[in-house]
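# Residue-level structural notes
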Amino acid sequence: MAGRTAKHLTLEAARRELGLRRDEFTLGIEHGVIRTGWSGDELCVRAGEVARWRAHPGELAELIRLVHATEAAGLAGISRHRFDQLARAGVIRPVRSYTNRYHAEVWQYSAADARQLPERRPELLGVRLPGPDLAELASGADRRAEGYRMRLRAQALLMLRDPWTKAAAWSHWLSSAQSPTDRGQLSQPEAAHLARCAAEERLTEVLGSHTNPVTLEEQAEAVREFTAALRRARRGRPAPELVVASDAAARLGCAVEQIPDEYRDCGVPADLLEQSVADDLATVPVPARAAVVREQRAAQRRKEERQAAREAEQAAKRLRERREHAIAARARAHVPERTADPRVTFHLGPTNSGKTHDAIALLAACAEAGRTGVYAAPLRMLAFEVYERLRTRLGVERVGLLTGEERLNPDAPVLCCTAEAAPTVGDFLVVDEAHWLADEGRGHAWTRLLLSGAHTDVHVCAAPEAEDLLRKLFAPGTDITVIRHTRHGALSRTEFQAATLPSASAVVAFSRKAVLALHRELLEAGRSATVLYGAMPPAARREQIRRLSEGEVDVIVTTDVIGHGVNLPLSAVAFAETGKYDGRSRRELLIWEAAQIAGRAGRRGHDAGEGLVGAYRSRLPGFTVGARLLNQAVEAANGARSGGLRVTTARLRPTWTDLGRPEPGEIPHALTGWTAAARQAAQQRSWLRPMPVAEIQAKLQVARQAVGASLDVDARWPRDGHTVWRLITMPVDADRPAYPAVCRAVLHGAALHHLIRPRVSIERMTLPQAEEYAATMRDLGTAVLAFGRECCGLSAEEVAACEQTAAERINQLVAVSRPLATHGSCASCDEPCAPWYTHCDACHSARFSCYDVELDW
């Protein structure tokens, strides 16, 4: 960067870095907004000051903003006429002057000056101006140009450091105004020194003629200021004594004729003579030459400083890289191992084969024998369902619930948990849906349980395709029993319409808009229906399941949320579509995905009997169902063919200890080192893969922005590395609106109570608002559970109450016998249309066909 030194920037370089005009930059220095300092004899701006304002450009622009008279009057809270009067009277000084296209002179003012005017001169803002000011205005006086020149002189003096140079500037202005100066007050050395300062600093070029005093008042002020500046200069140091030319020539060893004319008559300044002798010069330099030499020396000094800065930056970069490599090398990919050899049972089979049912029955029997047990599920809803079942059998005090959002009786001997929250100790462990260990984002939780648990009996429920991988997770020679379950009741293929759906049916689509549109269609067809989808809070989901289970509604319109262990008494599953958006693109369902959903029909233990699976023929356009895919899914669910599920690798996630206990700034490099180490460890275990760390990195970036920490490895954070690691591995997505607020609360102590809405406000929310608010409360509940009182005193009870109120609002909206949304109907003609569009094809063409017409010019 041009003009940069190790710690400072030249004024011109700083102005370019900040992207300011010269008058704006000078105004910032004048007001002290842009702090300056001296580096040698040169006025500079610290690099940190430039970086500070580059991070807040809007704030800087407002502080140095130039405004015209009308806006300035508004900022001062007075009329434009009064402001013009004050400006002409010299109360407020302009900052800039230019001639507009009408050849009129236009003045601009400092917005900060205008805002401060009422505090600085309140007596001038009354109904009537003071008499002297009125008299002066009546005489036609206009001090705007005078005030502008005075401002320019003050700004020029800011750039001069030496007191004698400042006195020389006032002497220059007096001479330019041809004002009589009392030379009697100056000694000969002082007069010579002032002339020398003016010549060496090139004041004639620097100050320019536009700053010269014009009026008698300005000239009188220049006399007063010159006297004061001279007094300050004398107080600082006396002017150098003068050495006669002959003595100076003798000291230098040259002829008197070689002494410059400027010094031959009045004498050579003693300091200049000594410097010339020290530099072994043949004569003393003329003042103009001295200025050139000084500029050359300053330029050389800046060049050396820039070179030193580059070398220092390169050395710091090398040191930083060594630090980063050392941090990365400290990380270890620890693959957990069991401390005891358990008795392992695999329950393998398709959906509705009773594998989970049998494993839970064994867990209950174990608990009745006085042993401890853990049930680990992929979903909070499924963990809650098993919790309810075991609580009924074993008693409330013997069963607990442990998820990312809830802790109910956590010290109970039997715990129902989500996989991430499940403890690794106990007598009896049931791991449900174990094929999830291949999932990129969450598979590490199942891997941790199966590799590091200290249980004596382990029962693993999974799809048959996971058997090979599951065997690799246990040590050779482990006692493994495999129980192969077959489906209870076969599925049959059929076709459905709104009128032919049997009671206890599920209509499946893969977006919220599609679900709401199908719900509207069923209600308009006279069917009683409700909805179930991922954005609904758990309490609302449980209520919709209850409504279907108790026969309040015939049909539930749902997403693939029912495909992961949600047990419903369904007699039929009808697919309204078989394509879904997976976060990257829209694709057809895989066979095993469709089979997982289809297998929910005819559930064992719900008296649903044989299950029916088919396509739901909606009258809404846009829904397509692959008949061949449904046939294959039914065959896979019945066990007649493979579903194509590939479960070949388990996922591994680091712990803070695995990373080498890094500080916050070290975490990115520790993650890089861990990923490399984990890949190397995976070469010895073909079934193991490190989980992607992009989500952790994204959450770390949000946390960094929340505290304003730099990217440097030694960046200062308000909390330690372990706290930051817990924060960025908390099960809340980085793009959730609550996550930055939680980061600010945990790391900076910021308040969170502003997210708590009153009950009356929640009860007026629309469905999308209630869903979003419930999700926010769920995220806050997770944070409160993880950090407790560190979340600024927010209690789990008030967060849970807000989530429950939002769930009640959703249930209230879902329970009414009218459509929840307008999805599926054209906004113009009310005819059916695809739910992801607002207008049907005909209305869209009528409205926008003009854009498709080729114009013949």
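Look above for the structure.
Reading the values: the criteria
Residues numbered from 1 in each chain as written. Predicted model: local features only at pLDDT ≥ 70, side-chain atom pairs only at ≥ 80, totals over all residues. Heavy atoms only, no water. Helix = DSSP H or I, 4+ residues; strand = E, 2+ residues; numbered from the N terminus. Buried < 20%, exposed > 50% of the residue type's maximum accessible area, 1.4 Å probe, protein only. Contact = heavy atoms within 4.5 Å. Axes fitted to C-alpha atoms, helices over the stretch in contact; angles between N-to-C directions. Parallel < 35°, antiparallel > 145°, perpendicular 65-115°, else oblique. Left-handed = near helix turned anticlockwise from the far one by under 90°. Nonpolar A, V, L, I, M, F, W, Y, C, P; charged D, E, K, R; others polar. Pairing = 2+ DSSP bridges. Phe/Tyr/Trp six-rings, centres within 6.5 Å; stacked < 30°, edge-to-face > 60°. Core = buried A, V, L, I, M, F, W, Y, C linked by side-chain atoms within 4.5 Å.

## Concerning the side chain of threonine 345
Among the structural elements, threonine 345 can be located in strand β9 (residues 343-348). What makes threonine 345 buried here is its relative accessible area of 12%. Those residues in contact with threonine 345 that sit more than four places away from it in its chain are Val458, His459, Val460, Thr481 and Ile483.

## A few points about the packing of helix α29 (residues 738-748) against helix α31 (residues 767-787)
Closest axis-to-axis distance for the α29/α31 pair is 10 Å, and the angle between their directions is 25 degrees. When the interaxial angle is binned, α29 and α31 end up roughly parallel. As for how α29 packs across α31, the hand of that crossing is right-handed. Contact residues: Ala738, Val742 and Val746 in α29; Thr776, Asp779, Leu780, Ala783 and Phe787 in α31. Grouping the amino acids of the contact of α29 with α31 by side-chain chemistry returns six nonpolar, one polar and one charged.

## Looking at the sheet that holds strand β18 (residues 505-508)
Strands sit in the order β17-β24-β21-β18-β20-β19 across an open sheet of six strands; the sheet is parallel. The sheet is open, and its two edges are formed by β17 (491-496) and β19 (529-532), each paired on a single side. When strand polarity is set aside, the average angle formed by the axes of neighbouring strands in this sheet is 25 degrees. Pairing of β19 with strand β20 (residues 555-558) involves four bridges; the strand directions are parallel. Residue pairing for β20: leucine 532 is matched across the bridge by threonine 558. Lying on the sheet, helix α23 (residues 538-549) is in contact with β18, β19 and β20; it crosses β19 at an angle near 145 degrees. Against the sheet, helix α25 (residues 627-637) engages β17, β21 (572-575) and β24 (611-616), with an angle of about 155 degrees to β17.

## Let's talk about the sheet that holds strand β16 (residues 480-484)
Spatially, eight strands are ordered β12-β11-β13-β10-β14-β15-β9-β16 in an open sheet, and the strand pairing comes out mixed. The outermost strands of the open sheet, each flanked by one partner alone, are β12 (407-408) and β16. With two bridges connecting them, strand β11 (residues 399-402) and β12 associate as antiparallel partners. Paired with leucine 401 across the two strands is leucine 408, which belongs to β12. The strands that helix α19 (residues 380-394) touches are β10 (373-377), β11, β12 and β13 (414-418); relative to β13, the one it contacts most, it runs at about 165 degrees. Against the sheet, helix α20 (residues 443-452) makes contact with β10, β14 (428-431) and β15 (457-462), and its axis sits at roughly 150 degrees relative to β14, the strand it touches most.

## Concerning the packing of aromatic side chains
Summed over the entire model, instances satisfying the criterion amount to six aromatic pairs. For the ring pair phenylalanine 384 and tyrosine 387, a centre distance of 6.0 Å and an interplane angle of 45 degrees mean the geometry is tilted. Of this pair, phenylalanine 384 and tyrosine 387 both sit in helix α19, separated by three residues, roughly a single helical turn. A relative accessible area of 5% means that tyrosine 387 is categorised as buried.

## Regarding the nonpolar core
Counting residues in hydrophobic clusters, the biggest one holds 153 residues, and the most contacted among them are Leu470, Val507, Phe575 and Tyr616. Sequence-distant contacts of tyrosine 616, that is, excluding residues within four places in its chain, are made with Phe496, Gln497, Ala498, Leu501, Val507, Leu518, Glu521, Leu522, Ala574, Phe575 and Ala576. Core analysis: the second largest hydrophobic core is formed by 23 residues, Leu363, Leu390, Leu401 and Cys461 among them.

## Overview of the pairing of β24
Burial runs high along β24: five of the six residues are buried. Note: β17 against β24, six bridges, orientation parallel. From the neighbouring strand, glutamate 495 faces β24, where its bridge partner is alanine 615. As paired elements, β21 and β24 share four bridges and run parallel to each other. Along β24, the bridge assignment pairs alanine 574 with glycine 614.

## Description of α20
Extensive coverage of α20 is indicated by the burial of nine of its ten residues. Gly443, His444, Ala445, Trp446, Thr447, Leu449, Leu450, Leu451 and Ser452 are the residues of α20 that are buried.

## Side note on the packing of helix α24 (residues 591-598) against α25
Where α24 contacts α25, the two axes come as close as 8 Å, and the packing angle between them is 65 degrees. Accordingly, the angle class assigned to the pair α24 and α25 is roughly perpendicular. When the axes of α24 and α25 are compared, the crossing they make is right-handed. In this structure, α24 contributes Ile591, Ala594 and Ala595 to the contact, and α25 contributes Leu629, Gln632, Ala633, Ala636 and Ala637.

## With respect to the environment of histidine 519
Relative to the helices and strands, histidine 519 resides in helix α22 (residues 512-524). By relative accessible area, histidine 519 is classed as buried at 0%. For the pair histidine 519 and valine 414, spaced 105 residues apart in the sequence, the C-alpha separation amounts to 39 Å.

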